[in-house]
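# Results of the structural survey
Spelled out from the first residue to the last, the chains are:
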Amino acid sequence: MGWLFLLLGVLAEATSHVALKATNGFSNFWPSVIVIFGHLLAFLFLGQAVKNLPVGIVHASWAGLAIILVTYMSSLVYKQHLDTKVWIGMLFIAVGIALINLSSTPHSH
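Criteria and cut-off values
Residues numbered from 1 in each chain as written. Predicted model: local features only at pLDDT ≥ 70, side-chain atom pairs only at ≥ 80, totals over all residues. Heavy atoms only, no water. Helix = DSSP H or I, 4+ residues; strand = E, 2+ residues; numbered from the N terminus. Expected span 1.5 Å × (residues − 1). Buried < 20%, exposed > 50% of the residue type's maximum accessible area, 1.4 Å probe, protein only. Lys, Arg positive; Asp, Glu negative; His and termini not counted. Salt bridge = Lys/Arg side-chain N within 4 Å of Asp/Glu carboxyl O. Contact = heavy atoms within 4.5 Å. pLDDT = per-residue confidence, 0-100. Core = buried A, V, L, I, M, F, W, Y, C linked by side-chain atoms within 4.5 Å. Axes fitted to C-alpha atoms, helices over the stretch in contact; angles between N-to-C directions. Parallel < 35°, antiparallel > 145°, perpendicular 65-115°, else oblique. Left-handed = near helix turned anticlockwise from the far one by under 90°. Nonpolar A, V, L, I, M, F, W, Y, C, P; charged D, E, K, R; others polar.

Before going further, it helps to examine helix α3 (residues 55-77). Every α-helical turn comprises 3.6 residues, leaving residues that sit three or four positions apart pointing alike. Taking 1.5 Å of rise per residue, 23 residues should cover 33 Å, and α3 covers 31 Å from first to last C-alpha, within 8% of that figure. Restricting attention to buried positions, one finds in α3 the residues I57, V58, S61, W62, G64, A66, T71, M73, S74 and S75. After α3 finishes, the residue K79 shows a positive phi value of roughly 55°.

What follows is the structure in structure tokens.
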């Protein structure tokens with residue numbers, strides 16, 4: 001269940017960050033609501049995730065996956081062109097997350 005909560009937290013966080021651009025400095029109401037609600041929801045889900053998973057693993061996975069998802073979502077929503085170097089960097093982040101989660105060190109909490 002911890003991994004499900006972690007993924008839901010990442011999705012809430014990424015949605016919130018992508019909506020941040022549309023707030024126009026928090027002058028647009030609905031995007032601002034999405035940002036605030038998304039962050040609140042993300043932390044509620046992460047609070048559940050750390051009940052079953054180590055905090056370091058949750059935080060590293062959350063941060064890395066959020067970076068990748070925000071980059072991908074913003075390229076779709078805002079039609080931002082990202083060059084190959086950016087995507088190679090995202091690949092390094094993904095590999096780092098995989099290595100952390102596939103380590104032979106037992107995940108104790």
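Picking up after the structure, the text goes on.
On to the side chain of E13, then. In this structure, E13 sits in helix α1 (residues 2-22). Buried and without a salt bridge, E13 has K21 as its closest oppositely charged side chain, separated by 17 Å. Setting aside residues up to four positions removed in sequence, E13 forms contacts with G38, H39, A42, W62 and A66.

Take the side chain of T23 next. For T23, the location among the structural elements is in the loop between α1 and α2 (29-49). Given a relative accessible area of 1%, T23 falls into the buried group. Each residue touching T23, except ones within four places of it in the same chain, is listed here: N28, P31, S32 and V35.

Before going further, it helps to examine the confidence of the model for the protein. Model confidence for the protein is summarised by a mean pLDDT of 92, while 94% of its residues fall at 70 or above. Helix α4 (residues 84-102) is the least confidently modelled element of the protein, averaging 89 in pLDDT, while α2 averages 98, the highest of any element.

Glancing now at the nonpolar core. The tendency in soluble globular proteins is for nonpolar side chains to be buried side by side. Formed by F5, L6, V10, F45, L46, A49, L53, V58 and W62, the largest nonpolar core amounts to nine residues. Elements represented by at least two residues in this core include exactly α1, α2 and α3. Not counting the four nearest positions on each side in its chain, V10 is found in contact with W62, L65, A66 and L69.

Our focus in this paragraph is the packing of α3 against α4. Direction vectors running N to C along α3 and α4 enclose 155°, while the axes themselves pass 10 Å from each other. By the angle class used here, α3 and α4 are roughly antiparallel. Regarding α3 and α4, the two cross each other, and that crossing is left-handed. When α3 is examined against α4, the residues I57, A60, S61, G64, L65, I67, I68, T71, Y72 and S75 are found in contact with a partner set consisting of V86, W87, M90, I93, A94, I97, I100 and N101. Looking at side-chain class alone, the contact of α3 with α4 contains 13 nonpolar, five polar and no charged residues.

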